Structure formats: C-alpha cells, structure tokens
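Inside the fold
Below, each chain spelled out in residue letters.
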Amino acid sequence: MTDIIFVNQFDLEISEEQVLPLGLLSLSQVLKEEGLTAKICDFNGLYYQGKLEFSASYQVNMERMVDYLAKFDPIIVSFYTMANNYHVALSLCEQLKKQHPRVITIFAGPQATAVAVETLKCFPQVDLIAIGEGELTVGPIVRHLKKNGLCNLKDVDGIAFRFDQQVVVTEAKSHWIDVDKLPILDFSQIDNHSNRNINVLEMELGRGCPFNCTYCSTSRFWGRNYRVKSIDRVIYEIKEYQRQFGTKIFLFQHDLFTFDKKYVLELCNRVLKENLQIKWACYARLDVIDEEMIRSMAKAGCIKLFFGLETGSPKIQDAVKKHLDVDKIFLLLDVLAECNVRITISFIYGFPQEEHHDLRQTLTLMYRIKDKSYTLCSSKKWVDVFISMLMYFANTQITDDFFDSLVFDETYFEATNKLHFLPSEVITTIKKHKKVFPQYYVMPKLKGKKHRYLSGFINAMFSSFFYAEHDLVSDIMQAYSGDVLALYLNIYEEYPEAVEKIYHCFYDEANEIGVMPLLYEILTKLKCLCRDGGG
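Residues numbered from 1 in each chain as written. Predicted model: local features only at pLDDT ≥ 70, side-chain atom pairs only at ≥ 80, totals over all residues. Heavy atoms only, no water.

**Topic: the pattern of salt bridges**
- If you walk through the whole model with that rule in mind, you get 31 salt bridges.
- With a closest N to O distance of 3.7 Å, arginine 368 and aspartate 327 form a salt bridge. On the criterion of sequence distance, the pair formed by arginine 368 in helix H14 (residues 356-376) and aspartate 327 in the loop between helix H12 (314-319) and helix H13 (328-338) is long-range, its members being 41 residues apart.
- For lysine 445, the salt bridge goes to glutamate 355, with nearest N and O atoms at 3.9 Å. Here glutamate 355 lies in the loop between strand E14 (342-349) and H14 and lysine 445 lies in the loop between strand E17 (441-442) and helix H18 (449-452), a separation of 90 residues in the sequence.
- By sharing partners, the salt bridges in this structure join Glu133, Glu135, Glu204, Arg207 and Arg227 into a single network. (Salt bridge = Lys/Arg side-chain N within 4 Å of Asp/Glu carboxyl O. Helix = DSSP H or I, 4+ residues; strand = E, 2+ residues; numbered from the N terminus.)

So, in structure tokens, the structure goes:
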C-alpha cells in the first residue's frame, strides 16, 4: 500500500514531452524524509516513453490511467493542476472515485489554489484542496488523512474542504518556506531518470516575483514574495547534480532570476571561482538586466535568456502594469550577440484594452527584433520571438476586472484539434463553470478562428523560415510598409485554409520545418500580386 501518489496527468493538448513539475519531486521527498511512502506518477512521461498507450477515446484514457494508479493501492491520490489541463484532472479524478471510492483525492497546484472554493462547490469527486506552497503542510495533511480520513479536517492547516454544506479554508501557520530548506531533489523518483546521466537538468533557484502584472497568476500565488536560494546552497546543489548525474547544462527555474543585480554578479563570480564548467539558461526581465550583468552571466556559462516583453504598445504596457520600455531590447541585442547568448522573447495579444493599433505595434516590434537579429548574425537562429493569445487565468486582476464580459471560445479546442477528442459533456462542463475555466473565454471581439490562428502564422513566419527566406520576407514587409498585421489579415482573407494548415502544422505537429513550403507558397503568391499591382 502507498500512502500517497502524486499525479502529473498527460497533457492532451501538447504534442511534445513536458518536464515534470519540480514541486512534485520536492513534496514526495519531504514525505519520504518523514517516513511516509510516496510515489510520483508522471503520465506525461509514461506516454512519451512508450510505457503507457493512449487511445483516441478520452474515456478509455481515463480508465487506463485509473487502472495504472490502482496497481499501487494508494490511500491518497494528489493531482497537480495547471489551467490548461484542469478539465483532464477533474475527469481523471471522477473516474478514480467511481472505480475506487475509498481513495482520498486531493487537488493541488496553481489552478486548484486559484479556484479552490468553486471547485469544491461544483465537483464532488475532489475531497480537499491543498492551498499554495506545499512543503510545510504536506506532511501534516498526509499523516492526518492516514489516521483520521476526512474527519476533523478543521485541525489541518493549509487546505480547503467541505463541512456542513460549506467550503472551509484553513490558513497555513507559515505561508512561505525558507527556500534553502527545500530538499536536494532525488531525480531517481522518476522512472526515466533512474541510474543514468542527466545532461540537462531543471534546477529551482527560488520562488516568487515582486512585480504585479495584471494578467499573471504568479504574483497572487506566491504573494509577490520574492525569494532566492543562498549562493552557497546553489553552488552545493550544482555540485551534487554534477556528482550524481554528470549534469552539464542547467535550466535555472525562477520567475525573475535577474531581479537582484548584486546576487546575480556574486553567483556568477562563484561559478567561475569554483570552476564548475557549466552551461545554463534563466528567466530575465528587460528593466532589471544590463550590459554588465549579461557579460558576467555569459562568462559564467549563461547560454540563453527568456524575456517576456508581451506588448509593443506603451498604452497596453501601462494597462497591464508591465511598464517596460521595450526599445531597450535593441540596446541589449548587440551585447547578447557579442556574448553569444541566445534569447527567447514572448508576446501576448488579445488584451481587453487592445485595439488594432496596439496589436500592430506588437507585431511590428517582433519583426524589428527579428530583422536586427538577422543583421547581427544571419548564420543561425539565435533570437526566437513568439506570440500567444491571452489566457484569462483564474484569480488574476485582469480576469477579475473583465470576467463578466468574457464569452466561451470553442476555437481554442478547434485550433488545437482537440474538440473532436473531448466528449461533449466535458465541453458542457467548461461552459457551465466559467469561474473554474476562465482560460477558455475571450472578449467577444476576439472570438473566432481569424484571431486564434494569428499566433500560429506569425510564429511560423518568425521561426526558422525567417532566416531561410529572409529576402522574401523582407520584400513582402517592404510591400506592406512594415505592417505585419495588415499582411496577416490580407493572407487570412485570401487563404484561410492555408493559414489553418500552418497553425496545425506548427503547433499540433511541432513541425517547424514542415510549415516552410506552405509559407513560401503563400508569400511568393503575395509577392507576385504586389509586384503586379494587385496587393
């Protein structure tokens, strides 16, 4: 018998293997150190390793996953939840309760925390929800459930549960853990990481972001409580993973690694002093990074940075409380190219306050960044830019402010080719419970395929295609006076089926190379029309 299984369910909407959330490893290890039995069941990993076969039938997949869980005879099953797979977690939990009603079910993670009260009101298959950061509460929760089941839950800190037809939320005695006290993760808990070298490894450096962007769930989930591990702890942890797994490349996980310049420079100096010989990547923010930091980071092994610029419109920058001067990116590109540091920059469209002029500014900024990156180095794709449609995450300011205006957008599932895959009752559930699933809703002006497919077309054009066919793209952009939005709208009007095909090829099949002939054909036709005066 297993005390608890932590479940990372298979993401039905992503066509490539995803990294297991580090938090599950941390929680499992905390319990094991307290003498409890815990297992991680990573359905996403099992599928991509070929250890669990999935069907075209949604219901059959639920049954297969439940049968797999039942083999371990768990007392408790805890589901890690994110916004994009919450409906899957609810379906899997419902099937588990049907087949094994005595199993205690817990939801945890960002989405469950954000919609805890509404979930417990509407979905009886969920017994309780663990709120927020779990390392301080998971031990007492599991010990109580083992001993008392679902009785006397008011004595347990940091949970939401039902009592007398009401939802009760208990506060955790201590909200935030000292991140230096987090365990060194034991990756052997994951089947495909056992007894082998791990060349590339995710490593958590800390938690929380001090900023307050209206569309982001991070600030409320972590309470804007910015924490980083001490430099001594980081160095020790790197050495441990090198010793155990021979790790050479680290993906440093922190929402805002570059916030504290002094910390960053000291860490880089220690990496060099200790001669760790590592390569690494991290998240940054445009207004808390400068040339000195980039040079120091590159010298210490940084090979990639991730930025979220989100919008090229000053109006929208202020509206969503991002407050970035986006032109600073052009000053940094020269330094990044010189230091051979790759970057990925994310953008968002579909903000409620966004008009065509604002979106045009965003798409033009993306093009200017790509064009300068080509000028600085045309031999390789070292700058990635991509844009996504805004998702209204639960418990964010932007969702709270515009909730009543949002309408369900079935094109989310159509665009990801999942509408045919989901049973009608799942779609009905999503429509019925808007407070639980606001991420599938949009402002009315953005409902429809034309808006949804914009991201696929733009991301495909600015991918490897941009470098392979730079002259063609430049000619088209010149013909449209640099107006990327006008280009897209014209192409969608003339070739909607091709745009849809590009979207699915780029996203569903993750086939960046496969979209190139499609794009080449469309842009070549358009170039001829422009040359002949018909564009």
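**A word on the sheet that holds E14**
- In space, the 6 strands of this open sheet follow the order E8-E11-E12-E13-E14-E15, with parallel pairing throughout. If you trace the sheet from one side to the other, it starts and ends with strand E8 (200-204) and strand E15 (383-389), each paired once. Strand-to-strand twist in this sheet, taken as the mean axis angle between neighbours without regard to direction, amounts to 20°.
- By the bridge criterion, 7 bridges tie E14 to E15 in an arrangement that is parallel. Within E15, the residue paired with phenylalanine 347 across the bridge is isoleucine 387. (Pairing = 2+ DSSP bridges. Axes fitted to C-alpha atoms, helices over the stretch in contact; angles between N-to-C directions.)

**Concerning the environment of lysine 51**
- Position of lysine 51 relative to the elements: it lies in the loop between helix H2 (43-48) and helix H3 (58-70).
- The class for lysine 51 is partly exposed, based on a relative accessible area of 49%.
- Put simply, lysine 51 and asparagine 212 are 161 residues apart on the chain and 42 Å apart in space, counted from C-alpha to C-alpha. (Buried < 20%, exposed > 50% of the residue type's maximum accessible area, 1.4 Å probe, protein only.)

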